[in-house]
There are 2 protein chains.
Amino acid sequence: MLSFTEENYLKAIYKIYEKEKDVASTNAIAERMSTTAASVTDMMKKLAAKNLVIYEKYKGTRLSPTGHQIATTLIRKHRLWETFLVEKLDFSWEEVHIIAEQLEHIDSDKLIERLDDYLDRPKYDPHGDPIPNAEGKYTLREQIALNQLYKGDKGVLIGVKNHDDQFLSYLNDLKIGLGTKLEIIDKVMYDKSIKVKIDDQGPVLLTEKVSRNLFLKKTNQN
Amino acid sequence: MLSFTEENYLKAIYKIYEKEKDVASTNAIAERMSTTAASVTDMMKKLAAKNLVIYEKYKGTRLSPTGHQIATTLIRKHRLWETFLVEKLDFSWEEVHIIAEQLEHIDSDKLIERLDDYLDRPKYDPHGDPIPNAEGKYTLREQIALNQLYKGDKGVLIGVKNHDDQFLSYLNDLKIGLGTKLEIIDKVMYDKSIKVKIDDQGPVLLTEKVSRNLFLKKTNQN
DNA sequence: AAATGAATTTTGATTAGCCTAAAAATTCTC
DNA sequence: GAGAATTTTTAGGCTAATCAAAATTCATTT
Ligand SMILES: [Mn+2]
Ligand SMILES: [Mn+2]
Ligand SMILES: [Mn+2]
Ligand SMILES: [Mn+2]
């Protein structure tokens, strides 16, 4: 049985090398866990002793197959709970992450599977992130960030990169959510801001910072 | 913010003086928590320093108003989660307690209230135990243990005293659950066992040990 | 009111998780 | 490839939660 903390470390390592990297540096882990490199070193030794990570002094840490499986299950639980909170308890997408951070540690295989059934085996969570199945497999969708599109392009929002409360609330204000249709009316070259039509409403200007964080499925040909 | 452990201590104290007692002895708490008296003493000092309990050396411990409120909320969360697991995820009543022991520590007021709504503000959990409302109030029903009834008496099962997996599974085998109608066909004076008719099935013999643990609402006059 | 036995508290240790500061290893720069 | 800068590890220490064993207090019986 792993502690809450150990589980969070495994998830941190997973997240780090989900982003291209094939090894998680001590400092990167420390940053993600909001702790010190010294604490990370201690924990890596402990997790290595339990065969959950492969840790090499000064070289960094990778997940062992077991560690990888545990991390994937945590992601699965996290995303299923987020889906439950939004779909069944009517929470808004910016509220659920913080609660799911707790719920993901509940230990019961049967509970996860029942929850998955109850939600009709969802493939994506309220932020558009893929939910691994019981075997840890998930399929990525083709998606493109809004700032990569051109004038005249159309698409549907299928995910967000940034999950911050603030960012998501801003999207709520703009009436932008998963499934929202967006059409690029104009791009301002000077600051890369983008004028878009949102569903069937009047056009709105989005900064480049915002547009980089919106993932679309293109719906026009080009 | 309280630790998982601190919360469990508060709940243990609550449970102890739910059973008549007006003060929880160090040993009683130690037994409930499966720990030593020494550990309990340490924790009582800590909880007293946080004004969650009133602890007097050698005299025992009581809950402060704050401590009582926290304990009641824990019970509320525990019973709501148990209800969720049975009503929505189709768990059986003997499976839910162990999972609810984890879920009760999830910290989110909004989550509890949403869950309560979602379940249609249930008044009783899957074992027939009352669920405190948001103000910590609950109403006890009039109930009588099966072993207190007489030949010819009829009733409906509305609660169980013992919550053990084993006991509940035995009731499942007998097709006895909350809502089951029971009628006393005969009482054996020698060993106090009771012959009952279960719903509309043939009669079954229950030992006194079993009958003491079944709470009924009487449905005949007498 | 002393003696005895039970309950409770104190004492001294241990483990997990964390930290700061110092030391060591690695990587970068010229 | 030597020295500087950065990263990582080690050393030493702290707190929360736990325990076993010793000491103390309380309750009961004579
Ligand atoms: Mn999340
Ligand atoms: Mn998510
Ligand atoms: Mn229970
Ligand atoms: Mn219950």
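Our structure's up above, just so we're on the same page.
### Re the sheet that holds strand E7 (residues 203–206) of chain A
Now for step 1: Overall, antiparallel pairing links the six strands, which are arranged E3-E8-E4-E5-E6-E7 (chain A) in an open sheet. Looking at strand neighbours, the two that pair on one side only are strand E3 (144–145) and E7 of chain A, the edges of this open sheet.

### As for helix H3 (residues 37–49) of chain B
Residue and element names in this part refer to chain B.
Now for step 1: Its 13 residues place the ends of H3 18 Å apart at the C-alpha level, agreeing with the 18 Å of an ideal helix rising 1.5 Å per residue.
Now for step 2: Restricting attention to buried positions, one finds in H3 the residues Val40, Met43, Met44 and Leu47. Buried residues in H3, looked at end-on, bunch into an arc of 110°, giving them a common side. Relative to its buried face, H3 has exposed residues pointing more than 90 degrees away, namely Ala38, Asp42 and Ala49.

### Quick notes on the protein's contact with DNA strand D
Now for step 1: Taken together, the neighbourhood of DNA strand D is formed by 20 residues, with Lys45, Tyr55 and Lys57 of chain A together with Thr35 and Lys46 of chain B sitting nearest.
Now for step 2: The protein-proximal atoms of DNA strand D, defined as those within 4 Å of the protein, are 78% sugar or phosphate.
Now for step 3: A distance of 2.5 Å separates a phosphate oxygen of DNA strand D from a polar side-chain atom of lysine 45 of chain A.
Now for step 4: In the environment of DNA strand D, a phosphate oxygen lies 3.3 Å from a nitrogen or oxygen atom belonging to the side chain of threonine 36 of chain B.

### Overview of the coordination of the manganese ion (ligand 2)
Residues and elements named next belong to chain A.
Now for step 1: Listed as protein donors to the manganese ion (ligand 2) are Glu82 (OE), Asp125 (OD) and His127 (ND1); their distances from the metal cover 2.1 to 2.2 Å.
Now for step 2: Counting gaps between the donor residues of the manganese ion (ligand 2) yields the pattern E-x42-D-x1-H.
Now for step 3: A gap of 3.5 Å separates the manganese ion (ligand 2) and the manganese ion (ligand 1), which glutamate 82 links by coordinating each metal. Of this pair, glutamate 82 sits in helix H4 (residues 65–87) while histidine 127 sits in the loop between helix H6 (109–118) and E3, and the two are 45 residues apart along the sequence. Here glutamate 82 matches histidine 127 in class, with each residue buried.

### Overview of the coordination of the manganese ion (ligand 1)
Residue and element names in this part refer to chain A.
Now for step 1: Donor atoms from the polypeptide that bind the manganese ion (ligand 1) are His78 (NE2), Glu82 (OE) and His97 (ND1), placed at 2.1 Å.
Now for step 2: Along the chain, the residues donating to the manganese ion (ligand 1) are arranged with the sequence spacing H-x3-E-x14-H.
Now for step 3: Overall, the relative accessible area of 2% leaves glutamate 82 in the buried class.
Now for step 4: Relative accessible area serves as the criterion here: at 35%, histidine 97 is assigned to the partly exposed category.

### What to know about unusual backbone geometry
Now for step 1: In the Ramachandran plot, aspartate 90 of chain A falls in the positive-phi region, its phi being about 65° despite a non-glycine side chain.
Now for step 2: Mapped onto the elements, aspartate 90 of chain A comes out in the loop between H4 and helix H5 (96–103).

Conventions used here
- Residues numbered from 1 in each chain as written.
- Chains lettered and ligands numbered in written order.
- Predicted model: local features only at pLDDT ≥ 70, side-chain atom pairs only at ≥ 80, totals over all residues.
- Heavy atoms only, no water.
- Pairing = 2+ DSSP bridges.
- Helix = DSSP H or I, 4+ residues; strand = E, 2+ residues; numbered from the N terminus.
- Expected span 1.5 Å × (residues − 1).
- Buried < 20%, exposed > 50% of the residue type's maximum accessible area, 1.4 Å probe, protein only.
- Arc of directions from axis to C-beta.
- Near = heavy atom within 4 Å.
- Polar contact = N/O pair within 3.5 Å; in protein donor to acceptor, adjacent residues only side chain to side chain.
- Donors = N, O, S within 2.8 Å, 3.2 Å for Na, K, Ca; no water.

What is shown is where atoms sit, not what they do.
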